[in-house]
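Now for the letters of each chain:
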Amino acid sequence: PEPKSWRLVDGGRSAQMMVPHAPANAAVFLRDGTLAYGTGDRYEFVVTRTGRDTVRLFGRTNVTAAPLDSFYADTLFRELTETSGGPDFSKVAKRADLPTQFPLWNDVAVDDKGYLWVASGVPRRRTQSLAVFSPDGRYLGWVAGWLTSFHATSFQGDRVAFLTYTADRRAVVRHMRIDRRGM
């Protein structure tokens, strides 16, 4: 499904903003060329060869989403529609558009060995939990992660490099070692 967003058309200008904390879609190519995709409101991934077939399904069960506190949601909505200083989304945004819970997961990546890493937690905040799945889709467990996003992330052997920002908003590339003992 199309991710929930607010689209503002004002004269000849247009702007779009994703609804904060709404479940997003994610897709990633696996090492064998198949595609795994899902959406953050279900902890399930579909693997397909053609986009019209289902090779397999995998994910986690008995996972509950953290509630999105209504006070936080009210404050966030007010900041986005009254004081942002940018486009006036108050014309199209509705408080009811904000979800009542955080997504079950928000990003996914595949390392060079075929393991699937699924980020849970609040995007762009440290730390997020990373659920790890084997190349065949078996859930292996979770680890605490310091990646704030899988955008511009590169896996090589037992190392991962990722883009992050310093306190003064300068982009830096960080490198971490992956400890695979016990996998």
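None of these values were measured; they are calculated from a predicted model. (Residues numbered from 1 in each chain as written. Predicted model: local features only at pLDDT ≥ 70, side-chain atom pairs only at ≥ 80, totals over all residues. Heavy atoms only, no water.)

Participant: Which residues make up the overall build of the chain, and what are the values?
Facilitator: Along the backbone of the chain there are one helix and 13 strands. Overall, the chain shows an N-to-C arrangement of helices and strands of β-β-β-β-β-β-α-β-β-β-β-β-β-β. Its C-alpha atoms give the chain principal-axis dimensions of about 50 × 45 × 35 Å. Put simply, of all contacts in the chain between residues at least 6 apart along the chain, 39% involve residues at least 24 apart. When the accessible surface of the chain is split by element, carbon and sulfur atoms take 50% of a total near 11400 Å². Mean positive and mean negative side-chain charge positions of the chain (25 and 19 charges, respectively) differ by 4 Å. (Helix = DSSP H or I, 4+ residues; strand = E, 2+ residues; numbered from the N terminus. Contact = heavy atoms within 4.5 Å. Areas by Shrake-Rupley, 256 points an atom, 1.4 Å probe, with all protein chains shown as cover. Lys, Arg positive; Asp, Glu negative; His and termini not counted. Charge placed at Lys NZ, Arg CZ, Asp CG, Glu CD.)

Participant: Give me the lowdown on the sheet that holds strand β11 (residues 154-156), citing residues and values where you can.
Facilitator: Read from one edge of the open sheet, three strands run β11-β12-β13, paired in antiparallel fashion. Only two strands of the sheet have a single neighbouring strand rather than two, namely β11 and β13 (171-177). Put simply, the sheet's adjacent strands are angled 25 degrees from each other on average, direction ignored. Here seven bridges tie strand β12 (residues 159-165) to β13, and the two strands are oriented antiparallel to one another. Its bridge partner lying in β13, L163 is registered against V173. (Pairing = 2+ DSSP bridges. Axes fitted to C-alpha atoms, helices over the stretch in contact; angles between N-to-C directions.)

Participant: I'd like a rundown of the pattern of salt bridges, residues and numbers included.
Facilitator: For the structure shown, the criterion picks out two salt bridges. One salt bridge connects E44 with R42, and the closest N-O pair in it is separated by 3.1 Å. (Salt bridge = Lys/Arg side-chain N within 4 Å of Asp/Glu carboxyl O.)

Participant: Outline the confidence of the model for the chain, listing residues and values.
Facilitator: Averaged over all residues, the pLDDT of the chain is 85; the fraction at 70 or higher stands at 90%. In the model of the chain, β12 stands out as the element of lowest mean pLDDT, 84, in contrast to strand β5 (residues 44-48), which has the highest, 95. (pLDDT = per-residue confidence, 0-100.)

Participant: Before we move on, can you summarise the packing of aromatic side chains with the specific residues and values?
Facilitator: Overall, the coordinates contain nine aromatic pairs when judged by the stated rule. Note on W117 and F155: the rings are 5.8 Å apart at their centroids and 25 degrees apart in plane angle, and the pair reads as stacked. Of this pair, W117 sits in strand β8 (residues 116-120) while F155 sits in strand β11, and the two are 38 residues apart along the sequence. Like W117, the residue F155 is buried in the burial classification. The side chain of R60 reaches across the aromatic face of Y43, ending 5.4 Å from its centre. (Phe/Tyr/Trp six-rings, centres within 6.5 Å; stacked < 30°, edge-to-face > 60°. Buried < 20%, exposed > 50% of the residue type's maximum accessible area, 1.4 Å probe, protein only. Lys NZ or Arg CZ within 6 Å of the ring centre and 35° of its normal.)

Participant: Explain the pairing of β5 to me, using residue names and the numbers behind them.
Facilitator: The buried count for β5 comes to four of five residues, which makes it a mostly enclosed element. As defined by bridge partners, strand β4 (residues 35-39) adjoins β5 across three bridges and the pair is classed as antiparallel. Counterpart to Y37 in the pairing with β5 is V46. The turn joining β4 and β5, which pair antiparallel and follow one another in sequence, is formed by four residues. One ladder, built from four bridges, connects β5 with strand β6 (residues 56-59); its direction is antiparallel. Bridge assignment links F45 to a residue of β6, and that residue is F58.

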